[in-house]
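Single-letter residue listing:
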Amino acid sequence: MNLILNNLNKTYANGVKALDNLSLEISSGMFGLLGPNGAGKSSLMRTLSTLQEVDSGSAFLGEIDIIKNPIALRKVLGYLPQEFGVYPKITARQLLDHIAILKGVSAKKERKELVNYLLQKVNLYDKRNKEVKGFSGGMKQRIGIAQALIGNPKLIIVDEPTAGLDPGERNRFHNLLAKVANDVVVILSTHIVEDVRELCQNMAIMNHGQIICHGKPQQVIDEL
Ligand code: ADP
Ligand code: ADP
């Protein structure tokens, strides 16, 4: 599965050009998108998660036309936003069950098995009946990954995942992400170089709405 972006352009109403003829090809595995604040990373992530339209350009995940057919993309999209932290008063299990319903897993028994499997996978099964509101930052990120995995996504977008995590939580989050990344395009948007160096097979550096360079983290980061 490949993600192919061609000449994406986005200018906001205030005149800021957030995506400037951006082209990029990303194959399955972990891909790191690095860049300073204001580079356009979030604009690109919002575009790929179908939350925002572009002015021109194309984006394909395999056969799926992300720009023209966002509904098809949403069926195979897992999204972990920057702050996965606004919850009603519900438990970890209820949260995942609810998201599974939204993603179209209708059979109750199937949902129960899926939710239990995911809770175990992200090491939160013991906390399944606790309110997510009371979770630590690292636990919230892990439940965030669990919800992003519902529905066998082919593209997973992770926006600034380790901001605010302590080193232990960051490590656990890294191990988890590395495990889920086979046969799926995972894009990690971050300004933390170590996240990319430790986790990603390929990466790009973005600034002023453009890709400045891309390649293996070893090569790209060493040339900085
Ligand atoms: P669009 O051109 O996509 O319609 P708008 O310029 O209308 O986007 O802004 C959409 C939303 O983003 C508004 O709620 C606005 O307040 C907010 N916004 C405006 N400027 C910025 C900015 N520099 N960074 C982040 N959000 C912004
Ligand atoms: P990054 O995620 O790399 O910090 P963004 O995509 O958030 O970059 O922002 C790219 C540029 O677009 C910045 O100059 C930002 O202020 C501007 N911007 C982002 N969102 C909006 C918006 N909704 N309306 C107007 N300007 C925006």
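Look up: the structure comes first, before these words.
Residues numbered from 1 in each chain as written. Chains lettered and ligands numbered in written order. Predicted model: local features only at pLDDT ≥ 70, side-chain atom pairs only at ≥ 80, totals over all residues. Heavy atoms only, no water.

### Digging into the site of ligand 2
To keep things clear, this is the line we draw: Here, proximity means that at least one heavy atom of the residue falls within 4 Å of the molecule or strand. Any N or O atom pair separated by 3.5 Å or less is treated as a polar contact, with the protein-specific requirement of one donor-capable and one acceptor-capable atom, and with residues adjacent in sequence counted only for side-chain atom pairs. Each helix is a run of H or I in the DSSP string that is no shorter than four residues. Each strand is a run of E no shorter than two, and both are numbered from the N terminus. Throughout this entry, Asp, Glu, Lys and Arg are counted as charged residues, while Ala, Val, Leu, Ile, Met, Phe, Trp, Tyr, Cys and Pro are counted as nonpolar. The remaining residues, Gly among them, count as polar.
What surrounds ligand 2 is a group of 13 residues, the closest being Gly38, Gly40, Lys41, Ser42 and Ser43. Within the backbone of Gly40, an N or O atom sits 2.9 Å from an oxygen atom of ligand 2. Between ligand 2 and Lys41, the relevant distance is 2.9 Å, taken from an oxygen atom to a main-chain nitrogen or oxygen of the residue. It is helix H1 (residues 41-48) that provides the largest number of residues to the shell around ligand 2, a total of 4 residues. When grouped by side-chain class, the residues that make up the shell around ligand 2 number 5 nonpolar, 6 polar and 2 charged.

### Looking at the site of ligand 1
Threshold: All accessible-area figures derive from a Shrake-Rupley calculation using a 1.4 Å probe, and residue coverage is judged against the displayed protein chains alone.
If you check the shell around ligand 1, you find Lys10, Tyr12 and Ala13 and nothing else. Measuring from an oxygen atom of ligand 1, one finds a side-chain N or O atom of Lys10 at 3.2 Å. Contact distances for ligand 1 include 3.3 Å between an oxygen atom and a backbone N or O atom of Ala13. Summarising the interface, the protein chains cover 24% of the accessible area of ligand 1, which totals 560 Å² for the free molecule.

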